[in-house]
Amino acid sequence: MDKIDDFSFSSVSSITVFSGAIFVVNLILVRLLYVIYCSSKPLSKRALKPVSTLIILGSGGHTAEMLNLLAVLQKDRFKPRFYIAAATDNMSLQKAELLENSLAAENATRVTDTAQFMKIYRSREVGQSYITSVWTTLIAMVHALWLMIKIRPEVILCNGPGTCIPLCAIAFIFKVLGIRWSSIFYVESIARVRRLSLSGLLLYKLRMADLLFVQWPQLQQQYPRATYVGRLM
């Protein structure tokens, strides 16, 4: 009799655990669909308020394109601004600091009131083996998680560097879990005429970007959910 009772109790427990797991999975799926559905207009409720903005910089042409984009950005709308670049990128943050210094001089304000500058570990360096990149990717994800908890941005601007992937992935997870709604805006490089970059393709296919902008009409034709904005350079 005791064995039968034990068997019945364990069966009920197993069914309860299984039902609970199914409920949680369904809840996450519903939330995921809701996030994807609402991602096209995430700022509508805060149209008149400044939004904290994370700007992800990449070396070389990525930073040049981003700074051109920031030149026409509504500075009073997108603040405070948090700039992030890879730890091995020594030039991008310096250029961003020059931009913010000029803005502060024009408006007679302090840079520390409107901007902060940070670095993040790279997931993989150029030429690094894929075996060792597993460890560095884990470190980069943990660092990205810490940065996202610290910054809690409402808007993320990025335009191609691989550095943006762990930050955008964590922002999307936070959105699905209801921790923080961060709108992700991705601007594909002007150098991409017929195919998206790997970063752009990941954000497009996984639907992590709220809006993905391209600068060539033929690119928009190949990726219909992208938005063609013309050439920004």
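These numbers come from a predicted model, not from an experiment.

Criteria and cut-off values
- For every chain, the first residue of the written sequence is number 1, and numbering continues from 1 along that sequence.
- In view of the model being predicted, local features appear only for residues whose pLDDT reaches at least 70, and side-chain atom pairs are presented and counted only at 80 or more, with totals across whole chains, interfaces and linings using the full set of residues.
- Only hydrogens and water are removed before side-chain values are computed, so all heavy atoms of the structure are retained for them.
- To obtain an axis, a line is fitted to C-alpha atoms, over the contacting stretch when the element is a helix, and the angle between two such axes runs from 0 to 180 degrees between their N-to-C directions.
- The helix and strand labels rest on DSSP assignments: H or I over at least four residues marks a helix, E over at least two residues marks a strand, and numbering proceeds from the N terminus.
- Angles below 35 degrees are treated as roughly parallel, those above 145 as roughly antiparallel, those between 65 and 115 as roughly perpendicular, and all remaining angles as oblique.
- Handedness of a helix crossing follows the sense of rotation of the near helix relative to the far helix, less than a right angle counterclockwise being left-handed and clockwise being right-handed.
- We call two residues contacting when some pair of their heavy atoms lies within 4.5 Å.
- Note that Gly is not counted as nonpolar here; it falls among the polar residues with everything else outside the nonpolar set of Ala, Val, Leu, Ile, Met, Phe, Trp, Tyr, Cys and Pro and the charged set of Asp, Glu, Lys and Arg.
- Working definition of a nonpolar core: buried Ala, Val, Leu, Ile, Met, Phe, Trp, Tyr and Cys residues. They are joined through side-chain atoms within 4.5 Å.
- Residue exposure (1.4 Å probe, protein chains only): buried if accessible area is under 20% of the type maximum, exposed if over 50%, otherwise partly exposed.
- Strands qualify as paired when DSSP identifies two bridges or more between them.
- Each Phe, Tyr or Trp ring (for Trp, its six-membered ring) is paired with any other whose centre lies within 6.5 Å, and the angle between the two planes then decides the class: stacked below 30 degrees, edge-to-face above 60, tilted in between.
- Two conditions define a charge located above a ring, namely a distance within 6 Å from the ring centre to NZ of Lys or CZ of Arg, and an angle within 35 degrees of the ring normal.
- We treat Lys and Arg as the positive residues and Asp and Glu as the negative residues; His and chain ends play no part in the count.
- The salt bridge criterion pairs a side-chain nitrogen of Lys or Arg with a carboxyl oxygen of Asp or Glu, the two atoms within 4 Å.
- We define a polar contact as two N or O atoms separated by no more than 3.5 Å, with the added condition that, inside protein, one atom must be a possible hydrogen donor and the other a possible acceptor, whereas residues neighbouring each other in sequence contribute only through side-chain atom pairs.
- Expected helix span is given by 1.5 Å per residue-to-residue step, counting one fewer step than there are residues.

Draft legend 1. Inspection of the packing of helix H6 (residues 164-177) against helix H7 (residues 198-205) at higher detail. At a minimum axis distance of 10 Å, the contact between H6 and H7 shows a crossing angle of 15°. Between H6 and H7, the interaxial angle falls into the category roughly parallel. Crossing of H6 over H7 shows right-handed handedness. Listed contacts from H7 to Cys164, Ile165 and Cys168 of H6 are Ser199, Leu202 and Leu203. Grouping the amino acids of the contact of H6 with H7 by side-chain chemistry returns 5 nonpolar, 1 polar and no charged.

Draft legend 2. Molecular detail of the nonpolar core. Counting 35 residues, the largest nonpolar core has Leu54, Ile84, Met148, Ile156 and Leu203 as its most contacted members. In terms of residues, this core owes the most to one element, H6, which gives 10 residues. Each residue touching Leu203, except ones within four places of it in the same chain, is listed here: Cys158, Ile165, Cys168, Tyr186, Met208 and Ala209.

Draft legend 3. Focus on the sheet that holds strand E2 (residues 81-86). Read from one edge to the other, the open sheet built from 7 strands follows the order E3-E2-E1-E4-E5-E6-E7, with strand pairing classed as parallel. The open sheet has two edge strands with one neighbour each: strand E3 (115-120) and strand E7 (227-228). Bridge count for strand E1 (residues 53-56) against strand E4 (residues 155-158) is 3 bridges, and the pairing is parallel. By the bridge assignment, Ile55 is partnered in E4 with Leu157.

Draft legend 4. Looking closely at helix H2 (residues 61-71). Of the positions making up H2, those classed as buried are Thr63, Glu65, Met66, Leu67 and Leu70. Buried positions along H2 lie against E1, E2, helix H3 (92-107) and E4.

Draft legend 5. Structural view of the packing of aromatic side chains. The full count for this structure, using the stated rule, is 2 aromatic pairs. Considering the side-chain rings of Tyr204 and Tyr223, the 5.3 Å spacing of their centres and the 80° angle between planes classify their relative orientation as edge-to-face. With Tyr204 in helix H7 and Tyr223 in the loop between helix H8 (217-222) and E7, this residue pair connects regions lying 19 residues apart in the sequence. Classification of Tyr204 as buried rests on a relative accessible area of 8%. According to the relative accessible area criterion, Tyr223 is buried, its value standing at 10%. When the ring centre of Trp216 is taken as reference, the NZ or CZ atom of Arg231 above it lies at 4.4 Å.

Draft legend 6. Representation of the side chain of Glu65 within the structure. Tracing the chain through its elements places Glu65 in helix H2. Lacking a salt bridge, the buried Glu65 has Arg192 as its closest oppositely charged neighbour, with an N-O distance of 9.2 Å. Among the polar contacts made by the side chain of Glu65, one reaches the main-chain amide nitrogen of Ile190 at a distance of 3.4 Å.

Draft legend 7. Looking closely at the side chain of Thr163. Among the secondary structure elements, Thr163 is positioned in the loop between E4 and H6. For Thr163, a relative accessible area of 8% puts it in the buried group.

Draft legend 8. Seen up close, H6. Relative to the 20 Å expected for 14 residues at 1.5 Å per residue, H6 spans 20 Å between its end C-alpha atoms, a close match to the ideal helical length. Counted residue by residue, H6 has 12 buried out of 14 residues, so it is predominantly covered. A positive backbone phi angle near 80° is found at Gly178, which sits one or two residues after H6.

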